[in-house]
Every structure is written in C-alpha cells, then in structure tokens.
2 protein chains.
Amino acid sequence: MNSAANAHEAPDVSSEIGTQKIRDAIRDAIVERRLSPGTKLSENDVGSLFNVSRTLARAALQALSYEGLVSVEKNRGAFVAYPSPEEARQIFAARRLVEPGILRDAAARITPSQIQHLKQLLIEEGRLMSERGQTARRAEIKASGDFHLTLAAISGNAIMQRFMDELVARSSLAIALYGQSTVSSCGHSEHGDIIAAVERNDLEQACHLMVHHIAHIEADLDLRERKSVGLKEAFEL
Amino acid sequence: MNSAANAHEAPDVSSEIGTQKIRDAIRDAIVERRLSPGTKLSENDVGSLFNVSRTLARAALQALSYEGLVSVEKNRGAFVAYPSPEEARQIFAARRLVEPGILRDAAARITPSQIQHLKQLLIEEGRLMSERGQTARRAEIKASGDFHLTLAAISGNAIMQRFMDELVARSSLAIALYGQSTVSSCGHSEHGDIIAAVERNDLEQACHLMVHHIAHIEADLDLRERKSVGLKEAFEL
DNA sequence: TGCGACTATATTGTATACGATTTTTTGCAC
DNA sequence: GTGCAAAAAATCGTATACAATATAGTCGCA
C-alpha cells in the first residue's frame with residue numbers, strides 16, 4: 001500500500017534529476033533502513049516521487065536489481081530485496097572471503113593520514129552510538145559500513161571497491177531482516193582493534209580480527225528458515 | 001563503422017527474444033572476441049539485429065555496462081569496453097584476491113563426480129587446443145574460462161559465482177587487448193595441476209598454483225600505457 | 001454466509017514519438 | 001586543395017502511448 005512515498009528523500013526543486021540520482025537516493029534509503037525489505041517500489045510511485053517518467057524510474061530500479069538490493073518479478077514489479085537466510089549466509093561468506101584480502105592490499109598502501117582518517121571515522125561512529133533517536137541510528141548504520149568501504153577504497157582496486165559497496169549494502173538488508181540485538185554495531189570496538197593491528201603492522205592478526213568481526217556480525221543474526229506463516233498458524237498458539 | 005552487424009548471433013526466427021537473451025548474446029560475442037574492444041554498439045543496430053525496439057536494446061546495453069563489458073558515454077552511445085592497463089591490472093588483482101578463497105570453498109564441497117566433470121572439461125580444452133580454425137579458437141577461449149567458472153559454481157556461493165562471471169568476462173577483454181602470445185591458454189596444463197592438488201587434498205598447494213596460474217595469464221600481457229597515437233607519430237619512425 | 005466466475009482497475013512490458021546533442025556532410029572562401 | 005562554418009543526418013535522452021498481465025472488486029449462486 002504505502003509505496004516508496006514514506007521514504008522522505010524529497011524530490012528537491014533543483015529539478016536536475018537523472019537515473020543515477022534516483023538510484024542513489026533509493027539505495028541510501030534501503031541501506032539506512034528507511035525502506036524495509038519487501039516494500040513494493042512501483043514504477044509510477046518512484047517516477048512521480050522524483051518527477052520523472054516511468055522510463056527513468058524503471059531504469060533506476062533495474063540498476064538496483066543488478067546490485068541485489070531490489071528484486072524485480074516479471075509482470076509483478078520491483079520490491080526491496082528480501083534476502084533468504086541462505087542468501088544472507090552467502091553475503092557474509094563472501095565478505096569473509098574477500099575482506100582479508102582487501103585489508104592486506106589496503107595495509108600495503110595505507111598512509112599515516114589515511115590511518116588518521118579511519119580513526120576519525122571510529123570516533124564519529126562511537127559518538128553516534130551514544131546518541132539516541134532515529135537519525136542517529138541511521139547515521140550509525142551508515143558509519144559502521146563506511147569503515148569497511150573506506151578500507152576498500154584505500155586498497156586502490158576499484159573493482160573490489162564496487163563489489164564491497166554491493167556487499168555492505170546487502171548486509172544491511174540481511175541485518176534489517178534477521179538482526180536480533182537492537183544495535184547492529186555490537187562490534188564497534190572491533191574496528192578499532194583492526195586498525196590498531198594494521199598500525200603496528202601485524203597483518204596476520206588484522207586479517208584474523210577482520211574474519212572474526214564479520215563472523216560476529218553474522219552470529220548476531222537469527223538465520224532460521226521462517227516459512228512465511230502469516231496465516232492461521234500464526235495465531236493458533 | 002561496422003556495428004554489431006558482423007557478430008553472427010542470428011536473431012533466430014523463434015521470435016521469443018527478451019532483454020536477457022540480448023544481453024547474453026552480446027556478452028558471449030564479447031567473451032569469444034567476435035566483438036573487439038571499442039566497437040560501437042548503437043541502440044538502433046542492436047535493436048534491429050534482434051528485432052526489438054530501442055527500449056530493449058538500451059536495457060541490454062545498460063545491463064552490460066553494469067558488468068563492465070560495455071561502456072556507455074553520455075550522448076555518445078555504448079561501446080565494447082576498452083579496459084585501460086590499470087583496469088586490466090585490477091581485474092587480475094581481484095582474481096588473485098578472490099580465487100584462492102573460492103577454490104578453498106569448492107574443495108570443501110567437491111564430489112568425485114564433480115572432479116570427474118572438471119577433468120572432462122580439461123580434456124575438451126586440450127582437444128580444442130590442438131584443433132585449428134576460428135571456431136575452435138573461440139571455443140577454447142570459452143572453455144578456458146569455464147574451468148574457473150565451474151569451480152565458482154561448485155563453491156556453492158551464488159554471489160561469488162556472479163562476481164567470477166564478471167571477472168572472467170572482463171579478463172577476456174583484457175587479454176584481447178593486451179595479450180601477446182597467440183594462444184591465451186598457455187597455462188592449460190596448470191588447470192590440470194590445480195585439480196590434481198585438490199584431488200590429493202593439498203589445499204595449500206592448490207591455492208598456490210591458482211595464484212601463480214593467474215599471475216602467468218597476466219604476465220603474458222603487455223600492459224604498457226599506449227597513448228593512442230594513430231597519428232603521424234605512428235608513421236614517423 | 002461462503003465460494004467461484006467475471007468484470008474493472010491498476011501495473012508492468014514494449015514500442016513509438018519528439019526534443020536535445022553529437023557527428024557527418026556540404027558549401028564556400030582562401 | 002585546405003580549412004572553417006553552417007546545414008543535414010544520425011544518435012541518444014526522456015516522455016508518452018498502447019498492449020499484456022496481474023490484482024482487486026463485484027455479482028450471482030449454492
């Protein structure tokens with residue numbers, strides 16, 4: 001019923017809107033969990049929300065489907081992706097597979113100023129954790145992902161960076177669906193530990209910490225198959 | 001000048017054509033090097049080639065651009081991607097980063113019948129190497145990539161599988177551009193060595209061989225920056 | 001009241017239309 | 001012939017139109 005209308009990325013009077021802008025706006029909304037998994041994104045609604053025709057709306061949704069953030073079902077429309085438990089497992093398996101390597105490459109090129117920047121991110125992240133309120137929560141979610149994304153950027157491989165973009169965004173979806181502890185960033189301190197290890201050039205330890213960090217995030221998920229009951233079963237206690 | 005017209009994926013009278021089919025057909029043409037880097041893919045030509053409107057042609061080209069096989073330049077059109085030397089390096093760096101992990105996961109789940117299947121692929125690949133002619137060459141190129149793709153499939157992670165699809169396809173482009181030895185599959189035997197190591201459960205060795213195999217492929221490339229002369233300079237010896 | 005078939009509505013799939021931008025061609029002066 | 005400017009053609013960007021499909025609502029009947 002409520003389409004993307006409740007996602008308050010205002011169309012902005014500075015009419016200059018393209019499919020890119022739409023894609024980014026919707027992706028941000030998904031990553032920050034203003035749009036929940038399963039929400040229908042009708043081409044009409046998206047288009048009118050951004051004051052463009054269905055053509056551009058459709059292109060943006062198509063693009064998001066390539067990133068795995070939106071699933072389009074033939075003749076039925078586009079929905080915010082609803083990753084299955086198996087899919088969620090694969091997302092984190094992919095991250096465990098890839099992030100140690102990225103960390104290695106990043107550590108080999110990192111500069112003192114970049115380390116400083118990372119530490120700055122951590123402080124910011126910590127500050128957001130202590131704050132309360134929706135907006136702080138959303139900012140925190142994004143900041144938590146930014147740590148991993150920044151490492152990918154430092155690694156200097158644009159291909160891996162794009163892949164990590166996708167993985168982090170999809171992780172956010174999985175956490176939204178299956179996360180248990182109210183705060184996802186239970187492992188905030190772990191980010192700091194990783195940087196510390198990098199700083200003292202202990203690569204093995206840094207990678208080790210990274211793998212465990214990802215495992216911890218996944219461990220906070222309840223990935224049991226929920227057969228969509230929603231029927232009598234849900235009430236016949 | 002010559003558009004996609006010389007790529008002989010016949011439109012096929014079985015009119016059932018969708019954007020998916022178009023995308024796959026063009027991708028195959030690129031991977032098998034029937035379409036060279038830089039070739040212009042105009043929406044009109046693609047559309048009329050498959051008997052669909054520009055709408056679908058455009059969607060297919062857009063999709064290919066997300067895979068990095070086609071680059072679309074605003075208001076100028078779509079071209080078969082022409083990876084820079086730096087891009088090529090990143091493609092192979094990504095593969096070195098990712099494939100050992102995939103190999104590990106695959107080895108953990110591989111069944112005897114799958115090993116048999118891989119060996120079958122190798123035999124086929126070897127047969128194609130001895131044959132001559134364009135079609136054999138193309139089939140060989142595809143077979144060489146199929147080895148890596150099959151391993152990704154065995155690993156059981158759909159996300160990594162899709163990523164490998166992209167990497168292998170883009171590798172083909174890089175080799176087409178910068179490859180030196182006539183035959184890309186200089187390292188055919190290396191595939192066999194990797195399987196052998198997997199078979200005797202020597203994972204460390206298998207991963208080691210995989211990294212070197214990828215390095216060998218890259219080593220056959222001449223990745224020096226070629227500033228597109230094409231002008232007098234090209235003749236003023 | 002409950003169920004099933006039929007109609008109406010909404011939404012997606014694809015093609016076409018038109019304005020904008022780029023590229024090519026033409027024409028003219030030098 | 002060469003070089004530049006304007007016109008023509010081709011191509012892309014976006015909106016709209018129409019057909020196909022799915023969803024929701026309605027009526028009739030047991």
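So, how was this worked out
- Residues numbered from 1 in each chain as written.
- Chains lettered and ligands numbered in written order.
- Predicted model: local features only at pLDDT ≥ 70, side-chain atom pairs only at ≥ 80, totals over all residues.
- Heavy atoms only, no water.
- Contact = heavy atoms within 4.5 Å.
- Buried area = accessible area lost by both parts, 1.4 Å probe.
- Salt bridge = Lys/Arg side-chain N within 4 Å of Asp/Glu carboxyl O.
- Polar contact = N/O pair within 3.5 Å; in protein donor to acceptor, adjacent residues only side chain to side chain.
- Helix = DSSP H or I, 4+ residues; strand = E, 2+ residues; numbered from the N terminus.
- Near = heavy atom within 4 Å.
- Expected span 1.5 Å × (residues − 1).
- Buried < 20%, exposed > 50% of the residue type's maximum accessible area, 1.4 Å probe, protein only.
- Least-squares fit on C-alpha atoms with pLDDT ≥ 70 in both.
- Nonpolar A, V, L, I, M, F, W, Y, C, P; charged D, E, K, R; others polar.
- Axes fitted to C-alpha atoms, helices over the stretch in contact; angles between N-to-C directions.
- Parallel < 35°, antiparallel > 145°, perpendicular 65-115°, else oblique.
- Left-handed = near helix turned anticlockwise from the far one by under 90°.
- Pairing = 2+ DSSP bridges.

K.L.:
Would you mind showing me how to read the interface of chain B and chain A here?
P.N.:
A common way to express how large an interface is: the accessible area buried when the components associate. In this assembly, 23 residues from chain B lie in contact with 22 residues from chain A. Carbon and sulfur atoms supply 63% of the area that chain B and chain A bury against each other, a total of about 1800 Å² over both sides. It is Tyr66(B), Leu97(B) and Ile159(B) in chain B that bury the most area against chain A; as a group they hold 36% of the surface buried on that side. Along the contact surface separating chain B from chain A lie two salt bridges. A salt bridge links Glu166(B) to Arg162(A), with the nearest nitrogen and oxygen atoms 3.0 Å apart. Counting across the chain B and chain A interface gives ten residue pairs in polar contact (both at pLDDT 80 or more). Sorting the residues of the side of chain B that touches chain A by element identifies α3 (54–66), α4 (85–109) and α7 (158–178) of chain B as the ones contributing at least two each. Counting residues per element, the side of chain B that touches chain A draws most heavily on α4(B), which supplies ten residues.

K.L.:
Please explain the protein's contact with DNA strand D as it appears in this structure.
P.N.:
Every one of the 16 residues lining DNA strand D counts as a neighbour, but Ser53(A), Thr55(A), Arg76(A), Arg54(B) and Arg58(B) are closest to it. The sugar-phosphate portion of DNA strand D accounts for 65% of its atoms within 4 Å of the protein, the bases making up the rest. Here Arg54(B) contributes a side-chain N or O atom positioned 2.9 Å from a base nitrogen of DNA strand D. At 2.3 Å, a side-chain N or O of Arg58(B) approaches a phosphate oxygen of DNA strand D.

K.L.:
What should I look at first to understand helix α7 (residues 158–178) of chain A in this one?
P.N.:
Because each turn of an α-helix spans 3.6 residues, side chains separated by three or four positions end up pointing in the same direction. For α7(A), spanning 21 residues, the distance from its first C-alpha to its last is 30 Å, which sits close to the expected 30 Å at 1.5 Å a residue. A large share of α7(A) lies buried, amounting to 16 of its 21 residues.

K.L.:
I'm lost on the relation of the copies chain B and chain A in this one. Help?
P.N.:
Copy one and copy two of the chain differ by a rotation about an axis and a translation along that axis. When chain B is fitted onto chain A, the two copies agree to an RMSD of 0.0 Å after a turn of 180° and an axial shift of 0.0 Å. Between the two chains, the operation in question is that of a two-fold axis. Taking C-alpha positions as reference, the residue of chain B nearest the rotation axis is Val98(B), located at 3.1 Å. Most of the interface of chain B is mirrored in chain A, where 96% of its interface residues again form contacts.

K.L.:
In this structure, what is going on with the protein's contact with DNA strand C? I would like to understand it.
P.N.:
Taken together, 16 residues sit near DNA strand C, with Arg54(A), Arg58(A), Ser53(B), Thr55(B) and Arg76(B) positioned nearest. Per the 4 Å cut-off to the protein, sugar and phosphate atoms form 65% of the nearby atoms of DNA strand C. Contacts to DNA strand C include Ser53(B), whose side-chain N or O atom sits 2.8 Å from a phosphate oxygen. Mapped onto the surface near DNA strand C, the elements with two or more residues apiece are α3 (54–66) of chain A together with α3 of chain B. Split into classes, the residues belonging to the surface near DNA strand C amount to two nonpolar, six polar and eight charged.

K.L.:
Would you mind showing me how to read the packing of helix α2 (residues 43–50) of chain A against α3(A) here?
P.N.:
The relative placement of two packed helices comes down to the angle between their axes together with the axis-to-axis distance. Residue and element names in this part refer to chain A. Between α2 and α3, the least distance of the axes is 8 Å, while the angle of their chain directions is 110°. Here α2 lies roughly perpendicular to α3, going by the angle between them. As α2 packs across α3, the resulting crossing turns out to be right-handed. Where α2 abuts α3, its residues Glu43, Asn44, Val46 and Gly47 lie against Arg54, Ala57, Arg58 and Leu61. Here the contact of α2 with α3 is built from residues that sort into three nonpolar, two polar and three charged.

K.L.:
Help me understand the environment of His216(A), please; the structure alone is not making it clear to me.
P.N.:
All names here are of chain A. With respect to the helices, strands and loops of the structure, His216 is situated in helix α9 (residues 203–219). Overall, His216 belongs to the partly exposed group, its relative accessible area being 39%. Residues His216 and Glu190, spaced 26 residues apart in sequence, show a C-alpha to C-alpha distance of 9.7 Å.

K.L.:
Sorry if this is basic, but what is going on with the sheet that holds strand β1 (residues 40–41) of chain B here?
P.N.:
Two pairing modes exist for strands in a sheet, parallel and antiparallel, and in both the strands are linked by backbone hydrogen bonds. All names here are of chain B. The sheet built from three strands is open, its strands ordered β1-β3-β2 with antiparallel pairing. Of all strands in the sheet, those bounded by a partner on one side alone are β1 and β2 (70–73). Taken together, the two bridges between β1 and strand β3 (residues 77–80) define a ladder with antiparallel strand orientation. For Leu41, the partnering residue across the bridge sits in β3 and is Ala78. Sheet contacts for α3: β1, β2 and β3; angle to β2, the most-contacted strand, approximately 115°.

K.L.:
Is there a simple way to think about the pattern of salt bridges in this case?
P.N.:
Pairs can form between side chains of opposite charge once their charged atoms are near each other. Following the criterion strictly, the structure yields 46 salt bridges over all chains and no others. Here Glu140(A) and Arg137(A) are joined by a salt bridge, their closest N and O atoms 2.8 Å apart. Of this pair, Glu140(A) and Arg137(A) both sit in helix α6 (residues 134–155), three residues apart, which is roughly one turn of that helix. A residue is classified by how much of its surface remains accessible, and Arg137(A), at 27% relative accessible area, is partly exposed. A salt bridge links Glu87(B) to Arg170(B); the shortest N-O distance between them is 3.3 Å. On the criterion of sequence distance, the pair formed by Glu87(B) in helix α4 and Arg170(B) in helix α7 is long-range, its members being 83 residues apart. Among the residues examined, Glu87(B) registers a relative accessible area of 30% and is labelled partly exposed. The exposure class of Arg170(B) is buried, given its relative accessible area of 8%. By sharing partners, the salt bridges in this structure join Arg23(A), Asp24(A), Arg27(A) and Glu67(A) into a single network.

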